[in-house]
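# Structural overview for review
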Amino acid sequence: MVYDVIIIGSGPAGLAAAIYAKRAELSVIVIEKAGLSGGQIINTYEVDNYPGTPGISGFELSTKFREHADKLETTFVNGEVTDFVLEGDLKVVTLDNGSQYKAKTVVIATGGAPRHLGVEGEEKLSGMGVSYCATCDGAFFKNKAVAVIGGGDVAVEDAIFLARICKQVYVIHRRDQFRASKSISSRLLALENVTVLWDSVVEKINGNENVETIDVKNLKTSENTSYDVAGVFIAVGYMPNSDIYKKVVAADDAGYIIAGENCETNIPGIFVAGDVRTKELRQIITAASDGANAITAVERYLNNLE
């Protein structure tokens, strides 16, 4: 069978694309690597910024997305893409179990993942005070002390955002100056409730059911200090899940597949949606909108083939 579209990935972008594709009466198959739909939001304890669903858990929201796709009788298969032919009118995708699927178009919606510190307590307390998204989770720490780890634009912007709602913000950076632009760095340094810990790294995140303290080491003096914080926001980079695709599809230096709001890549018939593409804001709502835009572009492409 030759499908109209193969969607690779079943996070918010992939599921939204599937819903729009089925409603457009396209033949579609969704390939999901984990065997569980939802992407990163599965691990989010509470989502409070997706319209109409205040306080919903990430798992519950992803379940609703999947149920919507299932109601439309979307076909899902489990597996990891190991090979593909994306050029030409017929696209061929091969999975690790040897199965192959053919389609006229492909939507890459493989998402990405924030870089982790790899310190003790990080994984244990993920979603229980450890966060990789200040705009997603910052509101839960109103009038509390938090730490931001990193020194780039995202970390500094996160700290400025958190300083508006948190009692105290510690910014922990392993160097003696920010990598962020001077304009936003100056704004951060002017805030009274922000303390920057230069030349420092977090060695351990402590807590039982929630984050309680962090152990910080000064790299120049080797002094260790414990800080009471309720939240730890890690902003040390992000990794798009694009390694296999960027060998063929154009990507930027960071590995994000290049596409605008129409989600069209440099290869005809190949589209990209969600966190894996070049974009300013990576949130559930923007991933879902990418899924809709990608299928709109798919329809336009298919119409031109006829």
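Just so you know, these numbers come straight off a predicted model, no measurement behind them.

Next up on the list: the state of the cysteines. A full pass over the atoms with the stated rule returns one disulfide. There is a disulfide in this structure between Cys-133 and Cys-136, and the S-S distance comes to 2.2 Å. One quick way to see it: the torsion about the S-S bond of Cys-133 and Cys-136 is about 70°, and its sign makes the bridge right-handed. Relative accessible area serves as the criterion here: at 17%, Cys-133 is assigned to the buried category. Of the residues examined, Cys-136 reaches a relative accessible area of 23% and is grouped as partly exposed. Cys-166 takes part in no disulfide bond, and the closest cysteine sulfur to it belongs to Cys-133, at a distance of 14 Å. Classification of Cys-166 by relative accessible area gives buried; the value is 5%.

Turning our attention to the sheet that holds strand β13 (residues 211-218). Two strands in a sheet stick together by hydrogen bonds in their backbones, pointing the same way (parallel) or opposite ways (antiparallel). Across the sheet, three strands lie side by side as β12-β13-β14; this open sheet has antiparallel pairing. Bordering the open sheet on either side are β12 (200-207) and β14 (224-228), each of which pairs with just one other strand. Between one strand and the next, the sheet's axes are offset by a mean angle of 25°, whatever the strand orientation.

As a further point, take the pattern of salt bridges. Counting across every chain of the model gives eleven salt bridges. Arg-277 serves as the salt-bridge partner of Asp-290, at 2.9 Å between the closest nitrogen and oxygen. Note that Asp-290 is positioned in helix α6 (residues 284-305) and Arg-277 in the loop between β17 (270-272) and α6, a separation of 13 residues in sequence. When salt bridges that share partners are traced, they join Glu-261, Arg-277, Lys-279 and Asp-290 into one network.

The next thing to look at is helix α2 (residues 58-71). If you check α2, its first and last C-alpha atoms are 20 Å apart, about what 14 residues at 1.5 Å a residue would give, namely 20 Å. Of all the positions in α2, only Gly-58, Leu-61, Ser-62, Phe-65 and Ala-69 are classed as buried. Projection of α2 onto a plane perpendicular to its axis shows the buried side chains occupying an angular sector of 100°, all on one side. Residues of α2 that are buried make contact with α1 (12-23), β3 (75-78) and α6. In the stretch just after α2, Glu-73 is the one whose phi turns positive, near 65°.

On to the side chain of Glu-32. Within the secondary structure layout, Glu-32 lies in strand β2 (residues 28-32). Among the polar contacts made by the side chain of Glu-32, one reaches the side chain of Ser-37 at a distance of 2.6 Å. In this structure the side chain of Glu-32 is engaged in a polar contact, spanning 3.3 Å, whose partner is the side chain of Arg-66. The contacts of Glu-32, once residues within four sequence positions are left out, are Ser-10, Ser-37, Arg-66, Phe-76, Val-77, Asn-78 and Gly-79.

Here we take up unusual backbone geometry. Excluding glycine, residues mostly have negative phi values, and the peptide bonds linking residues are mostly trans. In this structure, Glu-25 takes a positive phi of about 60° despite not being glycine. Position of Glu-25 relative to the elements: it lies in the loop between α1 and β2. Backbone geometry places Asn-143, a non-glycine residue, at a positive phi of 65°. Locating Asn-143 in the fold gives a position in the loop between α3 (134-137) and β9 (145-149).

What counts and how
- Residues numbered from 1 in each chain as written.
- Predicted model: local features only at pLDDT ≥ 70, side-chain atom pairs only at ≥ 80, totals over all residues.
- Heavy atoms only, no water.
- Disulfide = S-S within 2.5 Å.
- Buried < 20%, exposed > 50% of the residue type's maximum accessible area, 1.4 Å probe, protein only.
- Pairing = 2+ DSSP bridges.
- Helix = DSSP H or I, 4+ residues; strand = E, 2+ residues; numbered from the N terminus.
- Axes fitted to C-alpha atoms, helices over the stretch in contact; angles between N-to-C directions.
- Salt bridge = Lys/Arg side-chain N within 4 Å of Asp/Glu carboxyl O.
- Expected span 1.5 Å × (residues − 1).
- Arc of directions from axis to C-beta.
- Contact = heavy atoms within 4.5 Å.
- Polar contact = N/O pair within 3.5 Å; in protein donor to acceptor, adjacent residues only side chain to side chain.

So, to be careful, I would describe these as geometric facts and stop short of saying anything about function.
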